[in-house]
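Geometric and topological summary
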Amino acid sequence: MSEQLGAVVVGTGFGVLTHLRALRAAGFEVTALVGRDPEKTAARAELFGVPHACTSLEEALSLDRTDVVAVATPPHSHAALVLAAVAAGRHVLCEKPFARNVDEAREMLAAAEAAGVVHLLGTEWRFGTGQALMARAIREGVIGEPRFGIFALQLPSL
């Protein structure tokens, strides 16, 4: 595929910081941010150099080059967003926890499989420096054959 895929990030809170950088690092062009607050969404879009600030997923889906939707909103909103995105034929990366219960999870999975789109469960920390370095070390055999591992992440809060 020679054309760069376009991505939309839904959510303007903490998750957008990681998903936007990760999508760009993976070669996607982030074409829009979606948020409930028009001022905050516009400010974030301007700050990150994203061309469109939308207040609904439907608005973002109507734009050109919205191939992928990354959902980084509170969990109670995930199902409706994922179902709308896959109904529109878009690939989806949904942040964890991706569903409120097993029925919601099954509904999203069935819809994505029926639509024939790529559907991934995200975890914003997957793209963090520590995780990337650990993955590279394991892949390159730096620590030998892994048999068991614990990765502790300490986040200073003050």
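Our subject in this report is the structure included herewith. (Residues numbered from 1 in each chain as written. Predicted model: local features only at pLDDT ≥ 70, side-chain atom pairs only at ≥ 80, totals over all residues. Heavy atoms only, no water.)

**Regarding the pattern of salt bridges**
The tally for this structure, following the rule as stated, stands at four salt bridges. Ionic pairing is found between Arg-65 and Glu-3, a salt bridge with its closest N-O pair at 3.3 Å. Residue Arg-65 is found in the loop between helix H3 (57-61) and strand S4 (68-71), and its partner Glu-3 is found in the segment before strand S1 (6-10); the two are separated by 62 residues along the sequence. Residue classification places Glu-3 among the exposed positions, given a relative accessible area of 52%. Put simply, Glu-29 and Arg-65 hold a salt bridge, and the shortest N to O gap is 2.5 Å. Of the two residues, Glu-29 is situated in strand S2 (residues 29-34) and Arg-65 in the loop between H3 and S4; the sequence distance between them amounts to 36 residues. (Salt bridge = Lys/Arg side-chain N within 4 Å of Asp/Glu carboxyl O. Helix = DSSP H or I, 4+ residues; strand = E, 2+ residues; numbered from the N terminus. Buried < 20%, exposed > 50% of the residue type's maximum accessible area, 1.4 Å probe, protein only.)

**Describing the sheet that holds S4**
Spatially, S3-S2-S1-S4-S5-S6 is the arrangement adopted by the six strands of the open sheet, whose pairing is parallel. In this open sheet, the two edge strands, each paired with only one partner strand, are strand S3 (52-54) and strand S6 (119-122). Across this sheet, the average inter-strand angle for adjacent strands is 20°, counted without regard to direction. Packed on one face of the sheet, helix H2 (residues 38-48) meets S2 and S3 and runs near 160° to S3. (Pairing = 2+ DSSP bridges. Axes fitted to C-alpha atoms, helices over the stretch in contact; angles between N-to-C directions. Contact = heavy atoms within 4.5 Å.)

By themselves these figures say nothing about function.
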